[in-house]
Amino acid sequence: MKKNLLVLILCLLPSVFSVAQMYSWQSHLAYGQSKHVEVTPTEIYVQAGGALYSINRKTEQITTYSKQDGLNGATIAQLTYSERNHCVMLMYEDGLIDFIYSDGSIVPMTDVAIKEMTSAKHANALVVDADTAFVAMPFGLMTINMAKRQVGETYYIGSKGDEVNVTGVTLTEDSMFVTDSKNIYWIARKDNAMDYSNWNSMQLPESISCVGIGTCQDTVYMLVRRVLKCKAKENAGQDSIRYALQKNVRGEWKTIEDNQTFTRMIAHDNRLYIAQQG
């Protein structure tokens, strides 16, 4: 693969995250299983289960975060970092949001948490562009102005403007792509995203589901999960699972890696990270 596409075997991560296990946490939160990492100029923030800790990049000092340390929520669903606003945004399972600023202050935002809605309020994915956080929600795509700490627009992208459980979102210079488990949706960023008729969509084949989507070097990549049906009668029901990394080339999705052990994809800092089993 090209050197710009960095494939990271996340089995190396326990050598980093095991440092946290040497300490005795007063909060007794689940810091052992890393889910997401955000790097700031001074700290590395690690979402471990529904909890959070950070590692100082200079001193390697570990700081844990909980309600005892000033957080306003309990179980973290997603986090992201805004370089422009010098803050980490945490979104909890109940829709509550915390902004952790570089000076150590923590400011809550309750707009989503207190709003009455029939859908769940947890974020499935986050991506930031300038002051705007694009949040993949169980009902559609929501934007948050991180500078003003306010909810912006909400995009209902179903074929009739109905709700869609958005599981992934990514941006290129001129387009926005979102996914649910079985469909890919995209729109030109110059178009009105609140008008559902401006969104394009493509349904994935029945045996394929989307695991993750991200952008590297302004190219969109997607990790898909394929179920290969076993045709032998003596092995009926013993289907095999394979994962494929695909990229969008002039509107067409082309497989560039096919591997049974791929499980997760993260696009970060213009690099693409692929997690593998074992």
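Definitions and cut-offs
- Residues numbered from 1 in each chain as written.
- Predicted model: local features only at pLDDT ≥ 70, side-chain atom pairs only at ≥ 80, totals over all residues.
- Heavy atoms only, no water.
- Pairing = 2+ DSSP bridges.
- Helix = DSSP H or I, 4+ residues; strand = E, 2+ residues; numbered from the N terminus.
- Buried < 20%, exposed > 50% of the residue type's maximum accessible area, 1.4 Å probe, protein only.
- Lys, Arg positive; Asp, Glu negative; His and termini not counted.
- Salt bridge = Lys/Arg side-chain N within 4 Å of Asp/Glu carboxyl O.
- Polar contact = N/O pair within 3.5 Å; in protein donor to acceptor, adjacent residues only side chain to side chain.
- Contact = heavy atoms within 4.5 Å.
- Axes fitted to C-alpha atoms, helices over the stretch in contact; angles between N-to-C directions.
- Phe/Tyr/Trp six-rings, centres within 6.5 Å; stacked < 30°, edge-to-face > 60°.

A. Representation of the pairing of strand β12 (residues 150–155) in the model. Both strand β11 (residues 140–145) and β12 contribute to a ladder of four bridges, which runs antiparallel. Looking at the pairing, Leu141 lines up with Tyr155 of β12. Here β11 folds back onto β12, and the loop between the two strands holds four residues, one of which, Arg149, carries a positive phi near 55°.

B. Structural detail: the side chain of Lys121. Mapped onto the elements, Lys121 comes out in the loop between α2 (111–114) and β9 (125–129). One buried charged residue, Lys121, forms no salt bridge at all, with the nearest opposite charge on Asp94 at 8.1 Å. Polar side-chain contacts of Lys121 include one of 2.7 Å to the backbone oxygen of Lys115. Excluding its chain neighbours within four sequence positions, the residues that come into contact with Lys121 are Met91, Tyr92, Glu93, Asp94, Gly95, Val112, Ala113, Ile114, Lys115 and Met137.

C. Main features of the sheet that holds strand β1 (residues 34–39). Spatially, four strands are ordered β1-β2-β3-β4 in an open sheet, and the strand pairing comes out antiparallel. Strand pairing shows two members of the sheet lacking a second neighbour, β1 and β4 (62–65), which therefore form its edges. Strand-to-strand twist of the sheet, defined as the mean angle between neighbouring strand axes without regard to direction, takes the value 20°.

D. Spatial organisation of the pattern of salt bridges. Counted by the stated rule, this structure contains five salt bridges. Notably, a salt bridge pairs Asp191 with Lys190, separated by 3.3 Å at the nearest N-O pair. Between Asp258 and Arg226 there is a salt bridge, and its shortest N-O distance comes to 2.6 Å. One end of the pair, Asp258, is in strand β20 (residues 252–259); the other, Arg226, is in strand β18 (residues 219–228), and 32 residues separate them in sequence. By relative accessible area, Asp258 is classed as partly exposed at 35%.

E. Fine view of the packing of aromatic side chains. Evaluation of the coordinates by the stated rule reveals four aromatic pairs. Centroid distance Tyr45 to Tyr65: 6.0 Å. Interplanar angle 35°. Geometry classified as tilted. With Tyr45 in strand β2 (residues 43–48) and Tyr65 in strand β4, the pair connects residues that are 20 residues apart, well separated along the chain. Between Tyr155 and Trp199, the ring centres sit 6.5 Å apart and the planes meet at 50°, which makes this aromatic pair tilted. Linking Tyr155 in strand β12 with Trp199 in the loop between β15 (183–188) and β16 (200–203), this pair joins segments that are 44 residues apart in sequence. Neither Tyr155 nor Trp199 differs from the other in exposure class; each is buried.

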